[in-house]
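Fold and contact review
Below, each chain spelled out in residue letters.
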Amino acid sequence: MSETPHLSGPFRIGDRVQLTGPKGRMHTITLREAGELHTHNGVLKHSLLVDQPDGSVVTNSSGHDYLAVRPLLRDFVMSMPRGAAIVYPKDAAQILAQADVFPGATVVEAGVGSGALSLWLLRAIGPGGRLLSFERREEFADVARANVETFHGEHPATWEVVVGDLVESLPDAVAPASVDRVVLDMLAPWECIDAVADALTPGGVVLCYIATATQLSRVAEYIRATGLFTEPDASETMVRGWHVEGLAVRPDHRMVAHTGFLITARRLAPGAIPPEVKRRASKSSYGDEDVELWTPGAVGDREITDKNLRKRVREAQKSAEGVRQSVAGAPMQDDASRARDDAAPTREDAAPTS
């Protein structure tokens, strides 16, 4: 009996499996005792997959072949239930690299959103690290917890979710100068910079993930004004796929372009004064009229309705409960219920957000 989903080796009960069938349609299931995947193309018994190596091909009751592989983390985060917009894999990879998140690190994250970035950070810090995630909305925290538990098969011992404001809760959660990395994914990260400066160890990294150029400008100027950090460095990442088939080699018609900006800076040692950076004169001050422009609606922050959010919470918790039942060897539901449980959202069905 599997305690947690395996990440490699033969398939076991409790593992998540991504099945690609006729016409490229994908289904993600959690292997269960006596489980079955029901589609209009027939029935596929979970027992056919148990003990099979990753990358196997199995045949359902109607003779249709399915390629069975473990979903990559990027596949999981792109299809999991969402309470808030996720951090795309291309940005998550840059966050891990630019913030230099290492095994054993103590990392603070705010806000947690749907848990996509939390999954990447948990993998990077390893079993010896600690991830402390802050989220203002309980509903978003519920979605994130369920998604992370679905992927891991349990609530990771290295992860703690705090529902509350970072500025108010961080001083009570960590000792001063004890945090290695801080990642801020929120509308107004400049409001948290002072609290972050107190929590970061000298040389620690703060990284802000923000959507618009106006936010980027304000957080950069605020970091500079504190005198507590190195010169901030900003960037964005765009990914363009390529179609490669014989001599037909060309860029894809669609691409994942702007999703957000990344800006990083490192905490200076107490009392350290960095060398002065010479730059051209520019307007770096802001008045009340400027601040009014940085409202959620003005910067493109999309609000989710309470009804829709409650639905996302139920979907995420249902997925997590399915994994827990598989691990515990709980009795199976009837075939109709199993079909609804096993047919998780496919990559095609997941509506991309930016």
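Above this note sits the structure.
Residues numbered from 1 in each chain as written. Predicted model: local features only at pLDDT ≥ 70, side-chain atom pairs only at ≥ 80, totals over all residues. Heavy atoms only, no water.

**Some remarks on the overall build of the chain**
- In terms of regular secondary structure, the chain is built from 10 helices and 15 strands.
- By the burial criterion, 46% of the 354 residues in the chain qualify as buried.
- Counting only carbon and sulfur atoms, one obtains 53% of the accessible surface of the chain, whose full area is about 17900 Å². (Helix = DSSP H or I, 4+ residues; strand = E, 2+ residues; numbered from the N terminus. Buried < 20%, exposed > 50% of the residue type's maximum accessible area, 1.4 Å probe, protein only. Areas by Shrake-Rupley, 256 points an atom, 1.4 Å probe, with all protein chains shown as cover.)

**Let's talk about the packing of helix 4 (residues 138-152) against helix 9 (residues 306-328)**
- Closest axis-to-axis distance for the helix 4/helix 9 pair is 8 Å, and the angle between their directions is 25°. One way to sum up the angle between helix 4 and helix 9 is to call them roughly parallel. Two packed elements cross with a definite hand, and for helix 4 against helix 9 that hand is left-handed. Of the residues in helix 9, those in contact with E139, F140, D142, V143, A146, N147, E149 and T150 of helix 4 are L309, R312, V313, A316, Q317, S319, A320, V323 and R324.
- Broken down by class, the residue content of the contact of helix 4 with helix 9 amounts to eight nonpolar, four polar and five charged. (Axes fitted to C-alpha atoms, helices over the stretch in contact; angles between N-to-C directions. Parallel < 35°, antiparallel > 145°, perpendicular 65-115°, else oblique. Left-handed = near helix turned anticlockwise from the far one by under 90°. Contact = heavy atoms within 4.5 Å. Nonpolar A, V, L, I, M, F, W, Y, C, P; charged D, E, K, R; others polar.)

**Describing the sheet that holds strand 6 (residues 65-69)**
- Taken in spatial order, the four strands line up as 2-1-6-5 in an open sheet, and their pairing is antiparallel. A strand with exactly one partner marks an edge of an open sheet, and here the two such strands are strand 2 (26-30) and strand 5 (56-59). The mean angle between the axes of side-by-side strands here comes to 30°, regardless of whether they run parallel or antiparallel. (Pairing = 2+ DSSP bridges.)

**Some details on the packing of helix 3 (residues 116-125) against helix 4**
- For the pair helix 3 and helix 4, the least separation of the axes is 10 Å and the interaxial angle reads 45°. The orientation of helix 3 with respect to helix 4, classified from their angle, is oblique. As for the relative orientation of helix 3 and helix 4, their crossing is right-handed in sense. Facing S118, L119, L122 and R123 of helix 3, the residues of helix 4 in contact are V148, F151 and H152.
- A per-class count over the contact of helix 3 with helix 4 returns four nonpolar, two polar and one charged.

**Re the pattern of salt bridges**
- All chains considered together, the criterion is met by 13 salt bridges.
- One salt bridge in this structure joins R130 and E160, with 3.5 Å as the shortest N-O distance. One end of the pair, R130, is in strand 8 (residues 130-135); the other, E160, is in strand 9 (residues 159-163), and 30 residues separate them in sequence.
- A relative accessible area of 38% places E160 in the partly exposed class. (Salt bridge = Lys/Arg side-chain N within 4 Å of Asp/Glu carboxyl O.)

**Overview of a nonpolar patch on the surface**
- Taken together, the side chains of W242, V244 and V249 make up a nonpolar region of the molecular surface, amounting to roughly 320 Å² of accessible area.
- Mapped onto the elements, W242 comes out in strand 13 (residues 242-245). (Patch = residues over 30% accessible without salt bridge, like charges linked within 9 Å, V, L, I, M, F, W, Y side chains within 5 Å.)

**Considering the pairing of strand 2**
- For strand 2, a buried count of five out of five residues is recorded, marking the element as mostly surrounded by other parts of the structure.
- What you see with strand 2 is no split at all: M26, T28 and T30 on one side and H27 and I29 on the other are buried throughout.
- Pairing between strand 1 (residues 16-20) and strand 2: five bridges, direction antiparallel. Each bridged residue has a counterpart across the sheet, and for T20 the counterpart in strand 2 is M26.
- In this antiparallel pair of consecutive strands, strand 1 and strand 2, the connection spans five residues, and K23 shows a positive phi of 65°.

**Quick word on the sheet that holds strand 12 (residues 233-236)**
- Spatially, the seven strands line up as an open sheet ordered 9-8-7-10-11-15-12, and their pairing is mixed. The sheet is open, and its two borders are formed by strand 9 and strand 12, each paired with just one other strand. Strand-to-strand twist of the sheet, defined as the mean angle between neighbouring strand axes without regard to direction, takes the value 15°.
- Taken together, the five bridges between strand 7 (residues 106-110) and strand 8 define a ladder with parallel strand orientation. Considered in strand 8, the bridge of T106 is made with R130.
- Against the sheet, helix 2 (residues 89-98) makes contact with strand 10 (179-184), strand 11 (200-210), strand 12 and strand 15 (261-266), and its axis sits at roughly 10° relative to strand 15, the strand it touches most.

**Structural notes on a positive patch on the surface**
- Residues K307, R310, K311 and R314 make up a contiguous surface patch of positive charge.
- In this fold, K307 is placed in helix 9.
- For K307, a relative accessible area of 67% translates into the label exposed. (Lys, Arg positive; Asp, Glu negative; His and termini not counted. Charge placed at Lys NZ, Arg CZ, Asp CG, Glu CD.)

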